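Chain by chain, the residues run as shown.
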Amino acid sequence: MIKFPKTILAFASTAILLTSMPSVFAEKPTKGFNQKIPTEIMTPNKVKTRIGELNFYDGIPTEDTLKKVYDNLDFIRGIDVFLNFIPATSIEGIRLGMKSLDVDDSNEVLVFDNLMDSNPLFLTGNTDTVYACAMLDLEKDGATVVEIPAGAGPGTVNDAFFRFVVDMGAPGPDAKKGGTYIILPPDYQGELTPTLNGMQHRGKDTRITTMVGGKSKKVWVAQSTSYNNWLILRGFLKDGKPDHASNMWRTGLKIYPLKEANNPKKMTFVNGSGKYFNTVHANDYKFYEELWHVLQKEPVSFLDPELRGQAAAIGLQKGKPFEPDARMKAILKDAVQVGNATARSISFKSRDKNAYLFEGKQWFTGFVGRDYQWLLDGGKGGRNMDARTLFFYIATVNTPAMALQIPGIGSNYAMTTGDNKGDILYGEKTYQVTLPANAPAKDFWSMVAYDPQTRSELQVPGGSKYPSKNNKRDNLVYNKDGSVTLYFGPKVPKGKPTANWTETTPNKAWFAMLRLYGPLQPWFDKTWSPSDFTLVK
């Protein structure tokens with residue numbers, strides 16, 4: 001038996017006595033409780049917030065507070081739906097715009113034989129390549145064949161949420177040599193499986209052999225997550241003219257359902273040059289109606305549960321009518337206005353330092369983080385939601401070829417909405433911008449002016465229909481050091497070359513986009529950069 005010293009036994013007896021008695025040092029219990037409750041888990045009876053004073057009875061919201069909170073919750077969700085579903089309504093806007101020109105079936109192609117001018121409303125379309133585009137309906141047609149002619153520039157298929165499906169042409173696996181692609185619907189259950197189509201496989205023969213129209217054929221295969229898909233192709237100018245590319249599309253592009261390969265419909269081409277039509281999604285309550293149509297068309301699997309839940313929270317769900325009551329409709333009309341203002345703020349004046357391309361300059365990118373999925377830190381930080389909004393509010397076409405650093409392949413873009421001081425670019429004022437010598441573009445570069453309202457090519461009433469400059473199309477006057485200075489304003493600045501001038505519209509703002517087709521290493525390592533726009537006084 002162990003014997004303890006008397007002093008230890010005395011301390012132990014005291015400790016036992018103290019723990020068996022109510023502590024005189026314990027904190028005073030919170031009123032209505034046996035213990036002192038941490039304040040951080042309690043809710044006061046009155047709370048002042050940005051939506052007004054919120055009142056509770058012992059933590060339970062009063063009727064007045066319930067109304068405020070639920071109105072605010074529906075308002076927030078309305079904003080979230082606007083910001084997060086712009087990609088879906090943008091594709092829908094393109095589909096509706098093409099349909100207005102009777103371009104609806106997969107064998108019907110909208111081709112800009114004389115380039116895209118400023119007549120159509122089309123998010124930051126260019127004036128420099130010959131577009132050919134078609135809508136694929138994989139629900140109606142099933143697996144669809146696309147035959148691409150040799151010599152095609154950048155081409156892409158995007159799904160109904162503007163997600164990347166496959167590249168074709170210059171950045172695609174055919175590497176500008178042409179070939180046959182088969183696009184599978186999301187619910188395809190046949191024997192075909194997607195081939196290796198990434199840019200790392202470009203120029204490598206990753207095709208499989210399958211039967212197309214009773215004949216054995218080598219094809220690339222890609223599978224979409226949606227039924228509606230947008231095919232957008234670009235052809236380069238030859239000797240500064242669009243004729244060669246236009247003929248390439250009209251004679252070499254073929255699109256048809258695989259099941260009809262033995263007897264495909266005749267291709268139909270509609271010239272979109274010089275025509276007015278709208279492909280831009282709504283910025284008012286109609287936005288939600290456009291989205292409802294998308295949800296009805298596409299399979300449930302088209303969106304993940306989080307996005308589906310956001311839409312359902314305001315009454316947008318597949319298989320159900322969209323019929324908000326008067327209260328909800330009023331809230332959504334308000335929400336879309338704030339959502340639109342938010343998208344414009346993010347797109348035109350980003351607060352993300354990573355969006356800006358050059359230290360101390362106004363030029364920014366649409367692919368923040370150089371990722372076509374806008375993932376932060378390789379996905380560890382989730383998706384950069386604002387970066388995605390920035391891109392899709394002002395642009396279309398989503399492809400790794402516009403985001404990755406692969407010299408000489410694809411295209412890269414830089415945008416600016418302000419002068420060197422960050423001020424708005426005003427149509428009644430005159431500005432200049434200088435591109436240093438040896439612009440790092442293997443194919444060509446261009447600079448286009450856009451309207452901030454429509455985010456489409458700038459319209460100049462009574463003036464030029466092509467608000468741009470292109471080093472392969474225009475006879476620009478270069479400076480002695482090989483650089484070129486471009487001028488933007490209502491009139492040609494005194495003593496400056498007309499060839500370098502782009503007309504703007506007084507009492508309207510504008511913004512600019514610099515495109516580099518076949519961007520080279522000096523662009524990626526930033527040893528070459530354009531100047532900011534500066535005011536010509």
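Above: the structure in question.
(A) The arrangement of the overall build of the chain in detail. The number of helices and strands found in the chain is 10 helices and 23 strands. Of all 537 residues assigned to the chain, the portion counted as buried reaches 52%. A fraction of 74% describes how many contacts in the chain between residues 6 or more apart in sequence connect residues 24 or more apart. A total accessible area of about 25900 Å² is found for the chain, and carbon and sulfur atoms account for 53% of it. Positive and negative side-chain charges of the chain, numbering 65 and 55 respectively, have mean locations separated by a distance of 4 Å.

(B) Region of interest: the packing of helix α3 (residues 86-99) against helix α6 (residues 286-297). Where α3 meets α6, the closest approach of the two axes is 9 Å, and the angle between their N-to-C directions is 80°. The orientation of α3 relative to α6 falls into the category roughly perpendicular. Mapping the contact onto sequence places I86, A88, T89 and E92 in α3 and F287, E290, L291, H293 and V294 in α6. Residue composition of the contact of α3 with α6, by class: 5 nonpolar, 2 polar and 2 charged.

(C) Structural view of the pattern of salt bridges. On inspection of all chains with the given rule, the structure shows 18 salt bridges. Residue K297 is joined to D137 by a salt bridge in which the shortest nitrogen-to-oxygen separation is 3.0 Å. Within this pair, whereas K297 is found in helix α6, its partner D137 is found in strand β5 (residues 130-137), the two being separated by 160 residues in sequence. Here R473 ties to D474 by a salt bridge, and the two come within 3.1 Å at their closest N and O atoms. Counted as one network, the salt bridges with shared partners bring together K67, D71, D74 and R327.

Parameters at a glance
Residues numbered from 1 in each chain as written. Predicted model: local features only at pLDDT ≥ 70, side-chain atom pairs only at ≥ 80, totals over all residues. Heavy atoms only, no water. Helix = DSSP H or I, 4+ residues; strand = E, 2+ residues; numbered from the N terminus. Buried < 20%, exposed > 50% of the residue type's maximum accessible area, 1.4 Å probe, protein only. Contact = heavy atoms within 4.5 Å. Areas by Shrake-Rupley, 256 points an atom, 1.4 Å probe, with all protein chains shown as cover. Lys, Arg positive; Asp, Glu negative; His and termini not counted. Charge placed at Lys NZ, Arg CZ, Asp CG, Glu CD. Axes fitted to C-alpha atoms, helices over the stretch in contact; angles between N-to-C directions. Parallel < 35°, antiparallel > 145°, perpendicular 65-115°, else oblique. Nonpolar A, V, L, I, M, F, W, Y, C, P; charged D, E, K, R; others polar. Salt bridge = Lys/Arg side-chain N within 4 Å of Asp/Glu carboxyl O.

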